[in-house]
Amino acid sequence: MKKIYILLLISTIALSLSSCNKEVSNTKSDLIQSRLVNKTWYLDYSITGAVTKTFVGQSTYFITFLNDGSTKDSDGLTGYFSIVNNNGKYDLFVNTKTINGNNFSYTHLIESVGDVKMIQSYTALGQSAKTSLYFTSK
């Protein structure tokens, strides 16, 4: 009887620990989403390998993420986004349609996001150099 009690106790502790991890994960995802939404993010510069392109002071790419999960950008893409925990790293999945009605999807890693600064990154198919995108919201 004592062995059954110990096994039940261990099982209960294991279940409570696993639910705590999920809660922390959801909390971080919620925090990222709260910093991301209801703002327009302007691309300031990008870095691919050793090449930096700056867009500060120029008309440039921008994207808006709304609280209802929708998004639109300066290229005319409209659609939906989600933030997914990928083993402790957070991916931004964007599913959109072009002005012509064609489907277009992409995934970027959210490196960091604050109240006014955000860094996303991706590695283009067939390339080895990572591209980092630096945004500010205004």
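Everything numeric here is computed off the predicted structure, so don't read it as measured data. (Residues numbered from 1 in each chain as written. Predicted model: local features only at pLDDT ≥ 70, side-chain atom pairs only at ≥ 80, totals over all residues. Heavy atoms only, no water.)

**Student:** What is the right way to read the overall build of the protein chain from this model?
**Tutor:** A count of helices and strands for the protein chain gives one helix and nine strands. Ordering the α and β elements of the protein chain from the N terminus gives α-β-β-β-β-β-β-β-β-β. Counting only residues that meet the buried cut, the protein chain has 30% of its 138 residues in that class. Here the analysis covers contacts within the protein chain between residues at least 6 apart in sequence; of these, 38% occur between residues at least 24 apart. In the form shown here, the protein chain has an accessible surface area of approximately 9,300 Å², with 58% of it arising from carbon and sulfur atoms. (Helix = DSSP H or I, 4+ residues; strand = E, 2+ residues; numbered from the N terminus. Buried < 20%, exposed > 50% of the residue type's maximum accessible area, 1.4 Å probe, protein only. Contact = heavy atoms within 4.5 Å. Areas by Shrake-Rupley, 256 points an atom, 1.4 Å probe, with all protein chains shown as cover.)

**Student:** Where do I start with the side chain of D73 in this structure?
**Tutor:** Looking at where D73 falls in the secondary structure, it is placed in strand β4 (residues 70–73). Of the buried charged residues, D73 lacks a salt bridge, with K72 as the closest side chain of opposite charge at 10 Å. Among the polar contacts made by the side chain of D73, one reaches the main-chain amide nitrogen of L77 at a distance of 3.0 Å. D73 has contacts with Y61, F62 and I63, leaving out every residue within four places of it along the chain. (Lys, Arg positive; Asp, Glu negative; His and termini not counted. Salt bridge = Lys/Arg side-chain N within 4 Å of Asp/Glu carboxyl O. Polar contact = N/O pair within 3.5 Å; in protein donor to acceptor, adjacent residues only side chain to side chain.)

**Student:** Just to check I follow, could you spell out the packing of aromatic side chains for this structure?
**Tutor:** For any two aromatic rings, the description comes down to two numbers: the centre-to-centre distance and the angle of the planes. This structure, assessed with the given rule, holds four aromatic pairs. Seen in terms of ring centroids, F65 and F81 are 5.0 Å apart; in terms of plane orientation they differ by 70 degrees. Their pairing is edge-to-face. Of the two residues, F65 is situated in strand β3 (residues 62–65) and F81 in strand β5 (residues 78–86); the sequence distance between them amounts to 16 residues. Taken individually, F65 and F81 each receive the classification buried, so the pair is uniform in this respect. (Phe/Tyr/Trp six-rings, centres within 6.5 Å; stacked < 30°, edge-to-face > 60°.)

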